[in-house]
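# Summary of structural features
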Amino acid sequence: MENVVNKKQIKKEIIMSRAERVQRAQRAQDILLEDRSIEYVIRVDVTPDYVEVVGYNGGDYLRFRVRDDGSVYEK
């Protein structure tokens, strides 16, 4: 019985983490589209420490890392 409870708890944590990843990715895209004026987003990679966003602006491909506190680093 305990094993079944643990599986349900793990599944719930996975679902919550998916929702959190989507939220973090959307927040990072919003920050970059507004503050850094990139034209569009090509790829988003969510990691535990930051969200990496590859975008396009004026003929250049740019890579940014957005931390959870909102700080942005260009790579």
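Keep in mind it's a predicted model, so treat the numbers as computed, not measured.

## Re the packing of aromatic side chains
Throughout the structure, instances matching the rule amount to two aromatic pairs. Site record: aromatic cluster; members linked through ring pairs are Tyr40, Tyr56 and Tyr61.

## Concerning the confidence of the model for the chain
Looking at the chain as a whole, the pLDDT averages 83, with 80% of positions reaching at least 70. Mean pLDDT across the secondary structure elements of the chain bottoms out at helix α1 (residues 2–35), with 76, and peaks at strand β3 (residues 60–67), with 93.

## Describing the nonpolar core
The biggest cluster of nonpolar side chains holds 10 residues, and these are Ala28, Ile31, Leu32, Ile38, Val51, Val53, Leu62, Phe64, Val66 and Val72. Looking at this core, the elements that each hand over two or more residues are α1, β2 (50–57) and β3. Discounting chain neighbours no more than four positions away, the residues touching valine 53 are Ala28, Leu32, Val41, Arg43, Val44, Leu62, Arg63 and Phe64.

## Description of the environment of aspartate 69
One can find aspartate 69 in the loop between β3 and β4 (72–74). By relative accessible area, which is 63% here, aspartate 69 ends up exposed. Taking the C-alpha atoms as reference, aspartate 69 lies 9.4 Å from tyrosine 50; in sequence the two are 19 residues apart. Of the polar contacts made by the side chain of aspartate 69, one reaches the side chain of serine 71; its length is 2.7 Å.

## Digging into the side chain of glutamate 52
Examined against the element boundaries, glutamate 52 turns out to sit in strand β2. When near neighbours in sequence (up to four residues on either side) are disregarded, glutamate 52 contacts Arg43, Val44, Asp45, Arg63, Phe64, Arg65 and Lys75.

## Describing the pattern of salt bridges
Across all of its chains, the model carries five salt bridges by this definition. In this structure, the salt-bridge partner of arginine 65 is glutamate 52, at a minimum N-O distance of 2.9 Å. Remark: glutamate 52 occurs in strand β2 and arginine 65 occurs in strand β3; sequence separation between them is 13 residues. Looking at glutamate 52, the relative accessible area reads 9%, which means it is buried. One connected set of salt bridges, linked through shared partners, spans Arg43, Asp45, Glu52, Arg63 and Arg65.

## With respect to the sheet that holds β3
The sheet built from four strands is open, its strands ordered β1-β2-β3-β4 with antiparallel pairing. Where the open sheet ends on each side, the last strands, each with one partner, are β1 (40–46) and β4. For this sheet, the mean angle separating the axes of adjacent strands, direction not counted, is 25°. Here six bridges tie β1 to β2, and the two strands are oriented antiparallel to one another. Within the sheet, the bridge partner assigned to arginine 43 lies in β2 and is valine 54.

Procedures and definitions
Residues numbered from 1 in each chain as written. Predicted model: local features only at pLDDT ≥ 70, side-chain atom pairs only at ≥ 80, totals over all residues. Heavy atoms only, no water. Phe/Tyr/Trp six-rings, centres within 6.5 Å; stacked < 30°, edge-to-face > 60°. pLDDT = per-residue confidence, 0-100. Helix = DSSP H or I, 4+ residues; strand = E, 2+ residues; numbered from the N terminus. Core = buried A, V, L, I, M, F, W, Y, C linked by side-chain atoms within 4.5 Å. Buried < 20%, exposed > 50% of the residue type's maximum accessible area, 1.4 Å probe, protein only. Contact = heavy atoms within 4.5 Å. Polar contact = N/O pair within 3.5 Å; in protein donor to acceptor, adjacent residues only side chain to side chain. Salt bridge = Lys/Arg side-chain N within 4 Å of Asp/Glu carboxyl O. Pairing = 2+ DSSP bridges. Axes fitted to C-alpha atoms, helices over the stretch in contact; angles between N-to-C directions.

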